[in-house]
Amino acid sequence: MSKTHVKMTVNGKAVEGLAEPRTLLIHFLREQLDLTGPHIGCDTSHCGACTVDVNGKSVKSCTVFVGQVEGADVTTIEGIAQPDGTMHALQEAFRQHHGLQCGFCTPGMITSAWRLLQENPNPTEEEIRYGISGNLCRCTGYQNIVKAIQVAAEELSVKEAAE
């Protein structure tokens, strides 16, 4: 099968590559760009482990062909950390408040929560639960995940007010 030339911005950097038209975004990210943060979970879009941000929307990258994101701005879990490598408030809150156990769902969960907080900086518990409802965690009861997102929202709000 012939390959198509694709260009996009991933985590703030212009990237390009060759891919078969049927190549899924998750495979392009992991295999061609070595971005292994987004995980391959169910391959059916149910688990959310592969969630990335595309042009300001949470997207399950196992359901998108790489050609569909031509010219797009893509953010993965690797792009959420600060440029100096310091963890984002969400990442730190997940660590401090036990929002993860095995860690398999964590990249997708944090990426979805990141988008949620961009759109709604002060979500209620119900809004958080709805915002992450497309991401499954098989280890926790979600309570610590929700708590971590609440803590991060508060921290980001205080930080923004100080600026």
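Residues numbered from 1 in each chain as written. Predicted model: local features only at pLDDT ≥ 70, side-chain atom pairs only at ≥ 80, totals over all residues. Heavy atoms only, no water.

Observations regarding the nonpolar core
Next up, step 1: Judged by nonpolar contacts, the single largest core of 22 residues is most densely connected at L90, F94, M109, I145 and I149.
Next up, step 2: Taken together, the elements giving at least two residues each to this core come down to α2 (77-80), α3 (89-96), α4 (106-119) and α6 (143-162).
Next up, step 3: Filtering out sequence-adjacent residues up to four positions away, I145 remains in contact with F94, G99, M109, I132, C137 and T140. (Core = buried A, V, L, I, M, F, W, Y, C linked by side-chain atoms within 4.5 Å. Buried < 20%, exposed > 50% of the residue type's maximum accessible area, 1.4 Å probe, protein only. Helix = DSSP H or I, 4+ residues; strand = E, 2+ residues; numbered from the N terminus. Contact = heavy atoms within 4.5 Å.)

Brief notes about α3
Next up, step 1: Across the eight residues that make up α3, a large majority, six, are buried.
Next up, step 2: Within α3 the residues assigned to the buried category are A89, L90, Q91, E92, A93 and F94.
Next up, step 3: Where α3 is buried, its residues touch α2, α4 and α6.
Next up, step 4: H98 occupies a position one or two residues after α3 and carries a positive phi of about 55 degrees.

A few points about the pattern of salt bridges
Next up, step 1: Tallied over the full model, the rule gives four salt bridges.
Next up, step 2: Residue E20 is joined to R22 by a salt bridge in which the shortest nitrogen-to-oxygen separation is 2.9 Å.
Next up, step 3: With a relative accessible area of 55%, R22 lands in the exposed category.
Next up, step 4: Across the pair E125 and R129 runs a salt bridge, and its minimum N-O distance is 3.0 Å. With a gap of four residues between them, E125 and R129 both fall in helix α5 (residues 125-131), about one helical turn apart.
Next up, step 5: What makes E125 partly exposed here is its relative accessible area of 36%.
Next up, step 6: For R129, a relative accessible area of 31% gives the class partly exposed. (Salt bridge = Lys/Arg side-chain N within 4 Å of Asp/Glu carboxyl O.)

Topic: the sheet that holds strand β3 (residues 51-54)
Within a sheet, neighbouring strands are paired by backbone hydrogen bonds and run either parallel or antiparallel to one another.
Next up, step 1: An order of β2-β1-β5-β3-β4 is seen for the five strands of this open sheet, with the pairing classed as mixed. Edge positions in the sheet fall to β2 (13-19) and β4 (57-60), since each has one partner strand and no second. The sheet shows a mean angle of 40 degrees between the axes of neighbouring strands, direction not considered.
Next up, step 2: In this sheet, strand β5 (residues 73-75) lies alongside strand β1 (residues 4-10) in parallel orientation, the contact comprising two bridges. Note that in β5 the partner of V10 across the bridge is V74.
Next up, step 3: Strands in contact with helix α1 (residues 25-32) are β1, β2 and β3; relative to β2, the strand with the most contacts, it is inclined by about 105 degrees.
Next up, step 4: Running over the sheet, α4 touches β3, β4 and β5 and is turned about 35 degrees from β3. (Pairing = 2+ DSSP bridges. Axes fitted to C-alpha atoms, helices over the stretch in contact; angles between N-to-C directions.)

What about the environment of G134?
Next up, step 1: By the element assignment, G134 lies in the loop between α5 and α6.
Next up, step 2: If sequence neighbours within four positions are ignored, G134 has contacts with H46, C47, G48 and K60.

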